Amino acid sequence: MIRIITYILICMFFGWLLCDIEPSKEYSWYSGIWHGLFFIPNWIRHWFGDALYKAEDYTTAYNIFWWIFTILSTISFLFGGVSKPENRY
């Protein structure tokens, strides 16, 4: 449990450091990729403050890439840490 909380806090820090979304800026497709990758940390930051997890002013390409990478990052977050036990015999 401590590992999960530490992982989430580190992700939130990197989300704030590398992917802080400004409400007055228009974003394009490459920002959609970046914001989609940092969806989980920005979404958790949104719960505790006024951080955005999706830009308010964006292009259609941003929206498409944001959805693709949001789904991929969520699946990765939920199922990426599951590993099969190694056979040691």
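Keep in mind it's a predicted model, so treat the numbers as computed, not measured.

A separate point is a nonpolar patch on the surface. Taken together, the side chains of Ile10, Phe13, Phe14, Trp16, Leu17, Leu18, Trp34 and Leu37 define a hydrophobic patch exposed on the protein surface, amounting to about 800 Å² of accessible area. Sorting the residues of the nonpolar patch by element identifies α1 (2–18) and α2 (29–37) as the ones contributing at least two each. A per-element tally of the nonpolar patch places α1 first, with six residues. Considering the arrangement of structural elements, one finds Phe13 in helix α1.

Let us now look at the pattern of salt bridges. One side chain can pair with another of opposite charge once the charged atoms of both are near each other. If you walk through the whole model with that rule in mind, you get one salt bridge. For Arg45, the salt bridge is made with Asp20, and the minimal N-O distance between the two is 2.9 Å. One end of the pair, Arg45, is in helix α3 (residues 39–48); the other, Asp20, is in the loop between α1 and β1 (26–27), with 25 residues separating them in the sequence.

Attention now moves to α3. When we look at burial in α3, the residues that qualify are Phe39, Ile40, Pro41, Asn42, Ile44 and Arg45. In this structure, the buried residues of α3 make contact with α1, α2 and α4 (60–79).

The geometry of a pair of packed helices is captured by two quantities: the angle between their axes and the separation between those axes. One can describe the packing of α1 onto α3 by two numbers: an axis separation of 8 Å at closest approach and a directional angle of 90°. With respect to α3, the axis of α1 lies roughly perpendicular. Contacts from Ile8, Cys11, Met12, Gly15 and Trp16 of α1 reach α3 at Pro41, Asn42, Ile44, Arg45 and Phe48. Broken down by class, the residue content of the contact of α1 with α3 amounts to seven nonpolar, two polar and one charged.

Definitions and limits used
Residues numbered from 1 in each chain as written. Predicted model: local features only at pLDDT ≥ 70, side-chain atom pairs only at ≥ 80, totals over all residues. Heavy atoms only, no water. Patch = residues over 30% accessible without salt bridge, like charges linked within 9 Å, V, L, I, M, F, W, Y side chains within 5 Å. Areas by Shrake-Rupley, 256 points an atom, 1.4 Å probe, with all protein chains shown as cover. Salt bridge = Lys/Arg side-chain N within 4 Å of Asp/Glu carboxyl O. Helix = DSSP H or I, 4+ residues; strand = E, 2+ residues; numbered from the N terminus. Buried < 20%, exposed > 50% of the residue type's maximum accessible area, 1.4 Å probe, protein only. Contact = heavy atoms within 4.5 Å. Axes fitted to C-alpha atoms, helices over the stretch in contact; angles between N-to-C directions. Parallel < 35°, antiparallel > 145°, perpendicular 65-115°, else oblique. Nonpolar A, V, L, I, M, F, W, Y, C, P; charged D, E, K, R; others polar.

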